[in-house]
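# Structure at a glance
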Amino acid sequence: MRSINSRRLFSGTGLIVTGLAATLVAMIFPIWSYSDRSGTGVDTLNAQTLSTRYGPLSALDREFVTKVRLAGLWELPAGQQAGERGTTQAVKTAGQHLVEGHTFLDERVREVASRLGLQLPNQPNEQQQAWLGTLSAARGEEYDVQFANILRKAHGKVFGLVAQVRASTRNSLVRGLADDANTTVLDHITVLEATGLVDFDALARDAATASPPPLTNSPAPPGPTDSPSPPVPVSPSPASPSPTYTLPPPATSRPPEDDEPKESNEPKKSESSKGESSKGGDNGGDKSEDKKS
């Protein structure tokens, strides 16, 4: 009997000890988990962020600089091609905006990369080369449709990245580049939609089903680098001298409507001035009557 009771006593004590130990572990775990932040978003941000004289440079910042360069490497020749193959003036105008906009942005991104010591690509990536191949194979009205929709889809995706970088970057050079990219991309979206060929239903379906795009390789950390060369058009050959189009400044207010009635340049007489003139007329009349009398 004593051995049985002792066994029950030890088994009951073991259960109590086990329960207390489990409770202690449960109490300690939250403290441990909050003290160790490795693998979290903040930890990753700090680990991948580099210090520069222009402010912290995150991995997303470097990714953005790379994508601005890549965009120019294929959209610039696509714009040149649209100027030659487009069958409507709207398509040719959109191509003209692409050439001018990305010529401007490529100069900006090479300047920023040089000051930050970042290396930039000199060739479009595989997907961009495939897009150029699709455009090169198209003719006539089919070319117009392919051009408007491929370019509009690409600009819609980069537009979101520009907004994300502009909202979160702590680097002054990247912030300025994002401002210029925002103005340029919005202008290109507008002129592409002005062709009347964009399939907005397809854009909406693509946005609803798309998964987050994979990040491309970020540029190397800041260091001595050679200035990247200007982009070399993949197809077609360089077009004739650049048109005189320049990017519009960021809008600060809504422009006036054309159909609003235009105000006359002649100054309007106030009621008080009318009254004074009428009084002056009466006085003048009295004076004339006095003279007659």
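These figures come from a predicted structure and were not determined experimentally.

## Some remarks on the overall build of the protein
From N to C terminus, the protein includes nine helices and zero strands. Listed N to C, the secondary structure of the protein is α-α-α-α-α-α-α-α-α in terms of helices and strands. A burial count over the protein gives 30% of its 293 residues as buried. Considering only contacts within the protein whose residues lie at least 6 apart along the sequence, 84% involve residues at least 24 apart. Taken as a whole, the protein presents about 18,800 Å² of accessible surface, with 56% of it coming from carbon and sulfur.

## Re the environment of D61
With respect to the helices and strands, the residue D61 is situated in helix α3 (residues 59-85). Its relative accessible area of 2% is what places D61 among the buried residues. In this view, D61 contacts P56, V165, T169, N171 and V174; residues no more than four positions away in its chain are not counted. Reaching out from D61, the side chain makes a polar contact with the backbone nitrogen of S58 at a distance of 3.0 Å.

## Some words on the packing of helix α4 (residues 89-116) against helix α7 (residues 172-193)
Any two packed helices are characterised by how steeply their axes cross, that is the angle between the axes, and by the distance between the axes. Closest axis-to-axis distance for the α4/α7 pair is 10 Å, and the angle between their directions is 170 degrees. Classed by the angle they form, the pair α4 and α7 counts as roughly antiparallel. Side by side, α4 and α7 meet where A94, H97, L98, G101, H102, F104, L105, R108, V109, V112, R115 and L116 of the first sit next to L173, V174, G176, L177, D180, A181, T184, D187, H188, V191 and L192 of the second. Within the contact of α4 with α7, the residues separate by chemical class into 13 nonpolar, six polar and four charged.

## Let's talk about the packing of aromatic side chains
This structure, assessed with the given rule, holds two aromatic pairs. On the numbers, 4.9 Å between centres and 45 degrees between planes, the contact of W74 with W131 is tilted. Taken together, the positions of W74 in helix α3 and W131 in helix α5 (residues 126-137) put the pair 57 residues apart, joining distant regions of the chain. With a centroid separation of 6.1 Å and an interplanar angle of 15 degrees, the aromatic rings of Y143 and F147 are classed as stacked. Pair noted here: Y143 and F147 are both in helix α6 (residues 140-168), with a separation of four residues, about one helical turn. Comparing Y143 with F147, the two get one shared label, buried.

## Concerning the nonpolar core
In terms of nonpolar packing, the biggest core is built from 20 residues, with F64, V65, L116, V174 and L177 touching the most fellow members. Listing elements by their share of this core, those giving two or more residues are α3, α4, α6 and α7. With residues up to four places along the chain from it excluded, the contact list for L177 reads F64, V65, V68, L105, R108, V109 and V112. The next biggest cluster of nonpolar side chains, apart from the first, holds 16 residues, and it includes A78, V91, A94 and A154.

## Observations regarding the packing of α3 against α4
Contact geometry of α3 with α4 gives a least axis separation of 7 Å together with a crossing angle of 150 degrees. Relative to α4, the element α3 lies roughly antiparallel. Regarding α3 and α4, the two cross each other, and that crossing is left-handed. Across from V65, V68, R69, A71, G72, E75, L76, G79, Q80, A82, G83 and E84 in α3, the residues of α4 making contact are V91, K92, G95, L98, V99, H102, T103, L105, D106, V109, R110 and A113.

## What to know about the confidence of the model for the protein
Looking at the protein as a whole, the pLDDT averages 76, with 56% of positions reaching at least 70. Low pLDDT, under 50, characterises residues 269-274; the predicted model gives this stretch one contact beyond four residues in sequence or across chains. Scored below 50 in pLDDT, residues 276-293 makes zero contacts in the model with residues more than four places away or belonging to other chains.

Thresholds applied
Residues numbered from 1 in each chain as written. Predicted model: local features only at pLDDT ≥ 70, side-chain atom pairs only at ≥ 80, totals over all residues. Heavy atoms only, no water. Helix = DSSP H or I, 4+ residues; strand = E, 2+ residues; numbered from the N terminus. Buried < 20%, exposed > 50% of the residue type's maximum accessible area, 1.4 Å probe, protein only. Contact = heavy atoms within 4.5 Å. Areas by Shrake-Rupley, 256 points an atom, 1.4 Å probe, with all protein chains shown as cover. Polar contact = N/O pair within 3.5 Å; in protein donor to acceptor, adjacent residues only side chain to side chain. Axes fitted to C-alpha atoms, helices over the stretch in contact; angles between N-to-C directions. Parallel < 35°, antiparallel > 145°, perpendicular 65-115°, else oblique. Nonpolar A, V, L, I, M, F, W, Y, C, P; charged D, E, K, R; others polar. Phe/Tyr/Trp six-rings, centres within 6.5 Å; stacked < 30°, edge-to-face > 60°. Core = buried A, V, L, I, M, F, W, Y, C linked by side-chain atoms within 4.5 Å. Left-handed = near helix turned anticlockwise from the far one by under 90°. pLDDT = per-residue confidence, 0-100.

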